[in-house]
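Architecture and fold: a report
Listed below, chain by chain, are the residues.
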Amino acid sequence: MSRVWNFSAGPAVLPLPVLEQIREELTDWQGAGMGVMEMSHRGKAFTGIIEAAEADLRSLLGVPGNYRVLFLQGGATQQFAQIPLNLLGTGGDGSADYIVTGSWSKKAFGEAARFGRVRCAASTEADRFTRLPTAAEYAFDPAAAYVHLCTNETIHGVEFPAEVTMATPAPLVADMSSHLLSRPFDVSRFGLIYGGAQKNVGPAGLTLVIVRDDLLGKAAAHIPSVMDYAVMAANGSMLNTPPTFAIYAAGLVFKWLQAQGGLAGIAGVNAQKAALLYACIDGSGGFYRNNIAADCRSRMNVPFTLSDPALDAAFLADSQAAGLIGLKGHKSFGGMRASIYNALPLDGVRVLVDFMNDFAKRHG
Ligand SMILES: *Cc1c(COP(=O)(O)O)cnc(C)c1O
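The following paragraphs examine the structure supplied in this document. The structure presented is a predicted model; accordingly, all values stated were derived computationally and were not measured.

Thresholds applied
- Residues numbered from 1 in each chain as written.
- Predicted model: local features only at pLDDT ≥ 70, side-chain atom pairs only at ≥ 80, totals over all residues.
- Heavy atoms only, no water.
- Helix = DSSP H or I, 4+ residues; strand = E, 2+ residues; numbered from the N terminus.
- Rg over C-alpha atoms; globule rule 2.2 N^0.38 Å.
- Buried < 20%, exposed > 50% of the residue type's maximum accessible area, 1.4 Å probe, protein only.
- Contact = heavy atoms within 4.5 Å.
- Areas by Shrake-Rupley, 256 points an atom, 1.4 Å probe, with all protein chains shown as cover.
- Phe/Tyr/Trp six-rings, centres within 6.5 Å; stacked < 30°, edge-to-face > 60°.
- Polar contact = N/O pair within 3.5 Å; in protein donor to acceptor, adjacent residues only side chain to side chain.
- 1 Å grid on protein atoms, 1.4 Å probe; cavity = no way out; pocket = protein on both sides within 12 Å on 5 of 7 lines; lining within 4 Å.
- Points joined across faces, edges and corners; volume = space filled by probe spheres on them.
- Nonpolar A, V, L, I, M, F, W, Y, C, P; charged D, E, K, R; others polar.
- Domains from an automatic or database assignment.

Helix and strand counts for the chain stand at 9 helices and 14 strands. By the compact-globule yardstick of 21 Å for 364 residues, the chain fits well, its C-alpha radius of gyration being 21 Å. Along the first, second and third principal axes, the C-alpha atoms of the chain reach 60 × 60 × 30 Å. Residue burial in the chain is summarised as follows: out of 364 residues, 54% are buried. A separation threshold of at least 6 residues defines the contact pool for the chain, and within that pool the share at least 24 residues apart is 67%. Total accessible area on the chain is roughly 14,800 Å²; 54% of this is exposed by carbon and sulfur atoms.

One pair of aromatic rings is described through two measures. These are the centre distance and the angle between the planes. Here the structure, examined in full by the defined rule, presents 15 aromatic pairs. Arranged with centres 5.3 Å apart and planes meeting at 70°, the rings of Phe315 and Phe355 form a pair that is edge-to-face. One end of the pair, Phe315, is in helix α8 (residues 312-321); the other, Phe355, is in helix α9 (residues 346-363), and 40 residues separate them in sequence. Of the two residues examined, Phe315 and Phe355, each falls in the buried class. In textbook terms, an aromatic cluster arises when at least three aromatic residues are bridged by ring pairs, as seen for Phe287, Tyr288, Phe304, Phe315, Phe355 and Phe359.

For the rest of this paragraph, the subject is unusual backbone geometry. Following Gly10, the chain continues to Pro11 via a peptide bond in cis, the omega torsion being -15°. Positive phi is not limited to glycine here, since Gln30 has a value of about 45°. Position of Gln30 relative to the elements: it lies in the loop between α1 (16-25) and α2 (44-61). Accessibility expressed as a relative area gives 57% for Gln30, which makes it exposed.

Attention now moves to the side chain of Asp97. Looking at where Asp97 falls in the secondary structure, it is placed in strand β3 (residues 95-100). For Asp97, a relative accessible area of 0% translates into the label buried. Within the local environment of Asp97, its side chain forms a polar contact with the backbone nitrogen of Asp141, the two atoms lying 2.7 Å apart.

Attention now moves to empty space enclosed by the protein. Counting across every chain of the model gives 1 cavity of 30 Å³ or more. Put simply, the largest cavity is a space of about 70 Å³. If you trace the largest cavity, you find 14 residues lining it, with Val13, Pro15, Asn200, Val253 and Ala343 closest to the centre. Grouping the constituent residues of the lining of the largest cavity by class yields 10 nonpolar, 3 polar and 1 charged. Here the lining of the largest cavity spans two domains, since at least three of its residues come from each of domain 1 (17-259) and domain 2 (261-363).

The structure is reproduced here in structure tokens:
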């Protein structure tokens, strides 16, 4: 069997031991005589699976007892609408602040504007999203219902530090789609955390929402029941059929993370991987470039350009031939992007860096 080094931004690489266990259990989950895809979500076996997944996620992240963990569908994009619908009050007449640091937070801002009053509390678009706002640039509305941010911009490669320190007048709501579970962080600093699973957590189809109790019950009167966090929380994420297979697979990823030393363990490897790749880019004498301010470079998504874009096609063809997949940059950004999520091993980054050094030597 030969597996490629998969640098895709999402859906993305999963840990090989997890895939192997899924294969092993696909037709007969632990003696049940059927696979997880074939089970009732209300049966004893699946109840055990979802309860274990929640318990493991809580212990990995250190989720305090006054937060609900919801296993939802619709992706982070649905949350862009669901968040204002849930948090702007039963009359929908509240207002929210958005911090715009890249494509994803800009999209979240645009979608929220369709459902309520929103304002931009800071934007780095004028600097083409190459940095985070400075403390002085934030201008918050004291009456805001929440402050939204994207803690890792998957396309632009900008990441907030583990400690989000700016003082905000309202609960922080964070899109963590592309770096959730990549390092420890303080959940109690946030009112709500969300993310699509397919970047760093599991297969597509599952959306995680971790929400503080006091933010439940403020939903707009006309909201669909499946979109109301309070209804979903009251029903243990099972008002209707949840994405059972994706929850099972994510649960196996949580067990795998525990075996890596938890989030502190995986964060150490992730820091090494990122350091190796940025050192290659910065040490290439300008052949490769990443122009994100050093203190907010993403450890998960590393966009870079070649000094001569005419070499892009050769870079992509040669890297693919070398078994390095998914390096083409996002269509809105161009160039290259290496996503180096939890499940992409250090060895994969070593192979990439060797390839990049060799390519630069041949074409520099
Ligand atoms: C991928 C991504 C999204 C969109 O996720 P979907 O699950 O496809 O809706 C939103 N935000 C961030 C930060 C992402 O990386």
